[in-house]
There are 2 protein chains.
Amino acid sequence: MKAIILSIGDELVLGQTVDTNSAWLSQHLAGVGCDIVAHMTVGDEQKAIEQAIEESVGRCDALVISGGIGPTDDDLTRQALAGVMQAPLELNQAWLDHMSTYFTRLDRKMPPSNNIQAMIPRGATMIWNHHGTAAGIDAMFQSGDQKTTCHVFVMPGVPREMKGMFTRDVLPHIQKASGGAAIVSRTLHTFGLGESTVAERLGELMKRGRNPSVGTTVAGGVVSLRINARSASPTEAEAQADETAAACQGVLGDIICGSGEETLPTVIAKMLREHAGEVDPASKKTHLTIATAESCTGGLLAKLLTDIPGSSAYFTQGWVTYSNRAKYERLGVNEEVINVYGAVSEPVVEAMARSARRLAKSDFALAISGVAGPDGGTETKPVGTVCIALASKKSGSTARGDDRYIESDVIPRTFHLPGDREMMRLRSAFMALTMLRFHLLGRPLPF
Amino acid sequence: MKAIILSIGDELVLGQTVDTNSAWLSQHLAGVGCDIVAHMTVGDEQKAIEQAIEESVGRCDALVISGGIGPTDDDLTRQALAGVMQAPLELNQAWLDHMSTYFTRLDRKMPPSNNIQAMIPRGATMIWNHHGTAAGIDAMFQSGDQKTTCHVFVMPGVPREMKGMFTRDVLPHIQKASGGAAIVSRTLHTFGLGESTVAERLGELMKRGRNPSVGTTVAGGVVSLRINARSASPTEAEAQADETAAACQGVLGDIICGSGEETLPTVIAKMLREHAGEVDPASKKTHLTIATAESCTGGLLAKLLTDIPGSSAYFTQGWVTYSNRAKYERLGVNEEVINVYGAVSEPVVEAMARSARRLAKSDFALAISGVAGPDGGTETKPVGTVCIALASKKSGSTARGDDRYIESDVIPRTFHLPGDREMMRLRSAFMALTMLRFHLLGRPLPF
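Residues numbered from 1 in each chain as written. Chains lettered and ligands numbered in written order. Predicted model: local features only at pLDDT ≥ 70, side-chain atom pairs only at ≥ 80, totals over all residues. Heavy atoms only, no water.

Now for the sheet that holds strand β10 (residues 213-219) of chain B. Residues and elements named next belong to chain B. An order of β10-β11-β9-β12 is seen for the 4 strands of this open sheet, with the pairing classed as antiparallel. If you trace the sheet from one side to the other, it starts and ends with β10 and β12 (256-259), each paired once. Each adjacent strand pair in this sheet contributes to an overall mean axis angle of 30°, direction not counted. As paired elements, strand β9 (residues 182-191) and strand β11 (residues 222-231) share 10 bridges and run antiparallel to each other. The partner of Ser 185 across the bridge, within β11, is Asn 228. Across the sheet, helix α7 (residues 195-202) is in contact with β9, β10 and β11; its angle to β10 comes to roughly 165°. (Pairing = 2+ DSSP bridges. Helix = DSSP H or I, 4+ residues; strand = E, 2+ residues; numbered from the N terminus. Axes fitted to C-alpha atoms, helices over the stretch in contact; angles between N-to-C directions. Contact = heavy atoms within 4.5 Å.)

Residue and element names in this part refer to chain B. Along its 12 residues, helix α3 (residues 46-57) runs 17 Å from first to last C-alpha, staying within 8% of the 16 Å computed at 1.5 Å per residue. Taken residue by residue, α3 has Ile 49, Ala 52, Ile 53, Ser 56 and Val 57 as its buried positions. The buried side chains of α3 occupy one side of the element, clustering within an arc of 115° when seen end-on. On its buried face, α3 is in contact with β1 (2-8), β2 (35-42), β3 (62-66), α4 (77-85), β7 (136-142) and β8 (149-155). (Expected span 1.5 Å × (residues − 1). Buried < 20%, exposed > 50% of the residue type's maximum accessible area, 1.4 Å probe, protein only. Arc of directions from axis to C-beta.)

Moving on, we get to helix α14 (residues 421-441) of chain B. All names here are of chain B. Compared with the 30 Å implied by 1.5 Å per residue over 21 residues, the 30 Å span of α14 between its first and last C-alpha is a close match. Judged by how many residues are buried, α14 sits mostly within the fold: 17 of 21 residues are covered. Within two residues after α14, Gly 442 carries a phi angle of roughly 75°, on the positive side.

Reading across from one edge, β17(A)-β16(A)-β15(A)-β13(A)-β14(A)-β14(B)-β13(B)-β15(B)-β16(B)-β17(B) is the order of the 10 strands in this open sheet, with mixed pairing throughout. At either margin of the open sheet sits one strand with a lone partner, and together these are β17 (408-416) of chain A together with β17 (408-416) of chain B. Across the sheet, the mean angle from the axis of one strand to that of its neighbour is 15°, orientation sign disregarded. As paired strands, strand β13 (residues 290-294) of chain B and strand β15 (residues 364-370) of chain B are joined by 5 bridges and run parallel to one another. Residue pairing for β15(B): B:Glu294 is matched across the bridge by B:Ile368. Sheet strands in contact with helix α14 (residues 421-441) of chain A are β13 (290-294), β15 (364-370), β16 (385-393) and β17 of chain A, and its direction is about 30° off that of β16(A).

A few words now on the side chain of A:Asp75. All names here are of chain A. Relative to the helices and strands, Asp 75 resides in the loop between β3 (62-66) and α4 (77-85). One buried charged side chain, Asp 75, makes no salt bridge at all; its nearest oppositely charged neighbour is Arg 78, positioned 7.8 Å away. Among residues more than four places away in sequence, those in contact with Asp 75 are Gly 68, Ile 69 and Gly 70. (Lys, Arg positive; Asp, Glu negative; His and termini not counted. Salt bridge = Lys/Arg side-chain N within 4 Å of Asp/Glu carboxyl O.)

Residues and elements named next belong to chain A. Here Val 32 is to be found in the loop between α2 (21-31) and β2 (35-42). What makes Val 32 buried here is its relative accessible area of 10%. Sequence-wise, Val 32 and Ser 362 are 330 residues apart; in three dimensions their C-alpha atoms are separated by 45 Å.

A word on the pattern of salt bridges. Counted according to the given criterion, the structure contains 24 salt bridges over all chains. Put simply, B:Arg330 and B:Glu329 hold a salt bridge, and the shortest N to O gap is 3.9 Å. Relative accessible area serves as the criterion here: at 15%, B:Arg330 is assigned to the buried category. The network of salt bridges with common partners includes A:Arg325, A:Glu329, A:Arg330 and B:Lys361.

All names here are of chain A. At their nearest, the axes of α2 and helix α6 (residues 159-178) sit 11 Å apart, and the two run at 25° to each other. Between α2 and α6, the crossing angle belongs to the class labelled roughly parallel. As for the relative orientation of α2 and α6, their crossing is right-handed in sense. Side by side, α2 and α6 meet where Asn 21, Trp 24, Leu 25, His 28 and Leu 29 of the first sit next to Pro 159, Met 162, Lys 163, Phe 166, Thr 167, Leu 171 and Ile 174 of the second. Along the lines of polarity and charge, the residues of the contact of α2 with α6 split into 8 nonpolar, 3 polar and 1 charged. (Parallel < 35°, antiparallel > 145°, perpendicular 65-115°, else oblique. Left-handed = near helix turned anticlockwise from the far one by under 90°. Nonpolar A, V, L, I, M, F, W, Y, C, P; charged D, E, K, R; others polar.)

All names here are of chain A. By the definition in use, this model includes 10 aromatic pairs over all chains. Their ring planes at 85° and their centres at 5.6 Å tell us that Tyr 102 and Phe 103 sit as a pair that is edge-to-face. Lying across the ring of Phe 438, Arg 437 places its NZ or CZ 5.0 Å from the centre. (Phe/Tyr/Trp six-rings, centres within 6.5 Å; stacked < 30°, edge-to-face > 60°. Lys NZ or Arg CZ within 6 Å of the ring centre and 35° of its normal.)

So, on to the interface of chain B and chain A. The extent of an interface is frequently quoted as the accessible surface area lost upon association of the parts. Contacts between the two partners involve 76 residues from chain B and, on the opposite side, 74 residues from chain A. Roughly 5,700 Å² is buried in total at the junction of chain B and chain A, and carbon and sulfur atoms are behind 50% of that figure. Inspection of the chain B/chain A interface yields 8 salt bridges. Two residues, B:Asp420 and A:Arg160, come together in a salt bridge whose shortest N-O distance is 2.3 Å. Here chain B and chain A share 41 residue pairs in polar contact (both at pLDDT 80 or more) between them. Broken down by class, the residue content of the side of chain B that touches chain A amounts to 28 nonpolar, 31 polar and 17 charged. Pairing of strand β14 (residues 315-321) of chain A with strand β14 (residues 315-321) of chain B involves 5 bridges; the strand directions are antiparallel. Bridge pairing links A:Gly318 to B:Val320 in β14(B). (Buried area = accessible area lost by both parts, 1.4 Å probe. Polar contact = N/O pair within 3.5 Å; in protein donor to acceptor, adjacent residues only side chain to side chain.)

The next thing to look at is the nonpolar core. A:Ile53, A:Leu63, B:Ile53 and B:Leu63 are the most contacted members of the largest nonpolar core, which totals 70 residues. Excluding residues that lie within four positions of it along the chain, B:Leu63 makes contacts with B:Ile4, B:Leu6, B:Ile53, B:Ser56, B:Val57, B:Cys150, B:His151, B:Val152 and B:Phe153. (Core = buried A, V, L, I, M, F, W, Y, C linked by side-chain atoms within 4.5 Å.)

Our next topic: the confidence of the model for chain A. Do not read the fine detail of predicted coordinates wherever pLDDT is low. Summary statistics for chain A give a mean pLDDT of 92 and a share of 97% for residues scoring 70 or more. The ipTM for the predicted assembly is 0.80, set against a pTM of 0.80. (pLDDT = per-residue confidence, 0-100.)

All names here are of chain A. Its place among the elements puts Asn 129 in the loop between β6 (125-127) and β7 (136-142). Separated by 2.8 Å, the side chain of Asn 129 and the backbone nitrogen of His 131 make a polar contact. Side-chain polar atoms of Asn 129 contact the backbone nitrogen of Gly 132, separated by 3.1 Å. Those residues in contact with Asn 129 that lie beyond four places of it in its chain are Trp 95, His 98, Ala 134, Ala 135, Pro 156, Glu 161 and Met 165.

Here is the structure:
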């Protein structure tokens, strides 16, 4: 199964936007065994788009197009496709109605320019867009002698809209048509070790030419392993992929914090919600709760915890105590402690975590204070220094009800995390979640 | 002057690496007036590379190739170019000597595989690589009838090596041949109106074929205008770009919230830091401060404000009061108000903003409570409903010192924002910043 990826947009050919769609699409197409013949990019010109479509349909079994189906005059992909198909554009009433409802719900009148988004070439099928007004197009091309066909898919250029549409309504078609050889992928995520250390531990498992192959990628401090098993039989590929995943797990152990679509926050959310451990009999709670007290991460940890639908089950509140005065007034961190040890110190995060747990009456509290930079570093506390504390139930405590939160056991830790301000803040929040994760696993932090 | 950019590499067509070279090259080629016809990417296959070169040379005046000139067996660009030129590969003794010296200096023996890097097609010129062993190739193609020529440049795929070679030995040739035409770009950002509404207001300014051209792109709820001015004279292009930017500003007014690298948070940061308005004479503050009280955004607003280095100048603290109890215990929001109006209501965000300003002793406080979904929507408050309140100094108040924060003027607003949970939360935070922005501008919110 041969595929060509075509991206449309002046912002792409002018270099104002880096095309990330093509790489993403390639990964997913290769994952179902497609051979990607080429990426092509042309600007918002109807003739150029027509030429690119015309040349591509004869060379591949699937042509995957993104971009150029917005509501404005420079969106010309649908017109170009209709031109190549020699078919008129026809109104799709269902999508027009859907768009009208969408605007009505937003208390807005639909601008007339949006009408074009309900037009598709005769003979083509509309693809529903669950995230916006740009519906996709699904069309089948046949060569003159009817011997070869090319399945053309047009999707929006906005990555999130494109990804949703591709996963739901494009990939299944291609996967089905590609039949034969299967590539089965598994992704495992790790946090806390560098890419080269992870690679070193995996050793022979990462050897080139091995099937299944194991590769690493890094994003936002998370080192992920991508396992690709290739076999004529999908069942066999599945079994091989699982076997290699188990081997990686055997080598890396708890360093692996999730798989597939899981993220550190979703893993923590699941652990808190499903925790079947000791719960105070007086309360009716069937899950554990967490509160946050943040300085350098400025709300990022709370944001990550509440990214997840239903997070109110385990997250009730958080403090962003950015200034020293806020640390004192909100969380009672003694000003003398700040003066003696500094705002970025284990005594300060200990006090923050302790107060946050007591005030929020939560099972756990995480506190973070660090030097995110680019300024503010000193010789003893350079940029990248971060102190994190986890407060939890006092061991051996017999307190009941709200009294359980008055005293806490607190574990403070200091880390030196690499990266610029954005990366350092993200790693700090992830490290805090990792401390909680190991605590919930009942194991010491392995680094 | 028409240009095509061709990238070579399996890692690109497999999606393992995002192609950033093409965007970089496009920017620089457009900067000297080139019209970029297309980007193309093919894998490490000689036939595919030959076909791509063959098709491109007839369509452009300059073909800029990167990748596939390393020392390994899967580097096939030089062989493909020689194939299309129907010219044998010949040894360039100067480059072979240079490579030998390079390896000797590293105390290493040059592997025999590197020999191929000194081979170029007969009739072509070698381009010196100051950062590695992959020399470039400069070749001239003539059409059969000798009427059109295409200048082909082959460079390494490694961005650092490519950029050095391009700037030094490729761009000057193209600039000279293009006769000095220049493209100058400007970017303006808007928030609050949909893409189609922005386009409608811009009207004729977005007409195709206009110079300077005006196009729109959307990312994270922000609709950006890209203005490209093309002229033989760079100074004239600058003037035309500025004139069109002013015309867009004239039509859209305060809807434009920033330009170039600016974001809504950096604009707010600048306004708060540089605000030269009325400041209490008792305090030494030369800037304004903001506090946050968040429910549905769960810390995102505080995170956006503290993304910026030096944010402690204007941001001191924030609350994430996710549960109703937290709204009551931390910010004193009357439980009866929550019961009567609901947690997502103007009275609730009013109370949150008022308390946050009083407790934080900040000039402003922003409070957000909404239905982020996917669950929790009702008929009267569907997913996407968000209430935002801005608390500021009580007008006419003569209070001094900390007493200034006891009473506030509060503006509450309700919005219906589109998108999934992630997008709705981002738009809510941006809308809160937009309310503050218009308040600082001294103008009513225009939507």
